[in-house]
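An overview of the molecular structure
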Amino acid sequence: MNGSKYTIAVLAILLIAVTAFLFMSMRQPERIETNITPPFSVGEKLLYDIKYENSSGSYFLYQLNLSVIDEEVVMGRECFVLRGEYIVSGNSNNSLVFYSYVTTDNLTLMKTVITSTSGNATLLFDHMNGKCTIMAYTEEGVKTQELDITPDVQDSLSVLYYLRGLPLTTEYWCTFHQITGSGLELIKVEVSEDLKEVDVEAGGFTCYELTLSVGRGSMYIYISNTPAKLPVQVKIPVENGNHSWDLKSYTLS
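Everything quoted here is computed from the prediction, not taken from an experiment. (Residues numbered from 1 in each chain as written. Predicted model: local features only at pLDDT ≥ 70, side-chain atom pairs only at ≥ 80, totals over all residues. Heavy atoms only, no water.)

Digging into the overall build of the protein chain
Along the protein chain, the regular secondary structure elements total two helices and 16 strands. When burial is assessed residue by residue, the protein chain has 51% of its 253 residues classed as buried. Considering only residue pairs separated by 6 or more positions, the protein chain has 50% of its internal contacts joining residues 24 or more positions apart. With the model as given, the accessible surface of the protein chain reaches about 11400 Å², and the carbon-plus-sulfur share is 49%. (Helix = DSSP H or I, 4+ residues; strand = E, 2+ residues; numbered from the N terminus. Buried < 20%, exposed > 50% of the residue type's maximum accessible area, 1.4 Å probe, protein only. Contact = heavy atoms within 4.5 Å. Areas by Shrake-Rupley, 256 points an atom, 1.4 Å probe, with all protein chains shown as cover.)

Overview of a negative patch on the surface
There is a patch of like negative charges on the surface, built from Asp70, Glu71, Glu72 and Glu78. Here the element with the most residues in the negative patch is strand β2 (residues 57-74); it accounts for three residues. Along the chain, the position of glutamate 78 falls in strand β3 (residues 77-88). According to the relative accessible area criterion, glutamate 78 is partly exposed, its value standing at 35%. (Patch = residues over 30% accessible without salt bridge, like charges linked within 9 Å, V, L, I, M, F, W, Y side chains within 5 Å. Salt bridge = Lys/Arg side-chain N within 4 Å of Asp/Glu carboxyl O. Lys, Arg positive; Asp, Glu negative; His and termini not counted. Charge placed at Lys NZ, Arg CZ, Asp CG, Glu CD.)

Some details on the pairing of strand β10 (residues 173-180)
Among the eight residues of β10, seven are classified as buried, and the element is accordingly described as predominantly covered. Two strands pair when backbone bridges link them, and strand β9 (residues 153-154) and β10 are joined in this way by two bridges, in the parallel orientation. Opposite glutamine 154, over in β10, you have glutamine 178 as the bridge partner. Between the parallel pair β9 and β10, the chain is carried across by helix α2 (residues 158-165), and the sense of this crossover is right-handed. Pairing geometry for β10 and strand β11 (residues 183-191), over eight bridges, is antiparallel. Considered in β11, the bridge of histidine 177 is made with leucine 186. In this structure, the hairpin formed by β10 and β11 is closed by a connection of two residues. (Pairing = 2+ DSSP bridges. Right-handed = clockwise from strand over helix to strand, strands pointing away.)

Digging into the side chain of serine 244
Within the fold, serine 244 resides in strand β16 (residues 241-251). Among the polar contacts made by the side chain of serine 244, one reaches the side chain of lysine 235 at a distance of 3.1 Å. Of note is the side chain of serine 244, whose polar atom sits 3.1 Å from the side chain of aspartate 246. If we skip the residues at most four places from it in the chain, serine 244 touches Asp49, Ile50, Lys51, Glu53, Gln233, Val234 and Lys235. (Polar contact = N/O pair within 3.5 Å; in protein donor to acceptor, adjacent residues only side chain to side chain.)

Some details on the side chain of glutamate 85
Here glutamate 85 is to be found in strand β3. Take glutamate 85: its relative accessible area is 10%, and that puts it in the buried class. Here the side chain of glutamate 85 touches arginine 83 through a polar contact of 3.2 Å, side chain to side chain.

Section: the nonpolar core
Membership of the largest hydrophobic core comes to 59 residues, with the highest contact counts inside it found for Leu163, Leu166, Leu210, Leu212, Ile221 and Trp245. It is strand β13 (residues 203-214) that contributes the most residues to this core, six residues altogether. Those residues in contact with isoleucine 221, other than ones at most four positions away along the chain, are Leu160, Leu163, Tyr208, Glu209, Leu210, Leu212, Gln233 and Val234. (Core = buried A, V, L, I, M, F, W, Y, C linked by side-chain atoms within 4.5 Å.)

Here we look at the confidence of the model for the protein chain
In this model, the protein chain carries an average pLDDT of 86, and 86% of its residues clear a pLDDT of 70 or more. Mean pLDDT in the protein chain bottoms out at helix α1 (residues 3-13), which sits at 40, and peaks at strand β12 (residues 196-200), which reaches 98. Note that residues 1-25 has pLDDT below 50 and, in this model, 71 contacts with residues that lie over four places away or in other chains. (pLDDT = per-residue confidence, 0-100.)

Points about α2
Burial within α2 is extensive, with eight of its eight residues counted as buried. Taken residue by residue, α2 has Ser158, Val159, Leu160, Tyr161, Tyr162, Leu163, Arg164 and Gly165 as its buried positions.

If you want it as structure tokens, here you go:
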């Protein structure tokens, strides 16, 4: 695979969590949140079953393991190391692993590392100069690409933790940017006016219902109104159905 095609493929991987609803994008008002407080620390573990649901039933796709594995200094800033692993049919040898490095004070994304059987990539976020350097590792060597970024940029793993750090209340809203295969997408977050009761294998939770929207596409994330602000469930509309992430088990820090 040549370097440019591989880089595009790597960025496509970044969209796993949100690709299904990124379409017909249009500009919308921005409200960037600055009051970010991480409700987690090293040692937290979350396990999800991810299924495809339609009118005929529910079909298991894979599991997602999320964990906060360490703290590390990146570009002079102390960061949480977030790890996400997608496991197909319980086979850890057929997996995709993400590492997102976000600052411990306000969850600024500093680095993303992707490892898979098809190749690896590293993204470095230079907020001083507003640039992201993408290094894709191929059989031919290292291919590099540079993108413009904004201070609020997140990837598809770090966004799950970023949302938990927001000062969530009913009818709250804000915007942030997410890195995609076409650059940055402005995403609007809106919290429903009512709390929702959500039952999953990990238990029953009272949750904030967050709608994430780009243009006419939307997805829904249910975050517990507990101090840990657990992502309990995710609903992503896809053709003729939706993908559902259900919290199977968790270990708090």
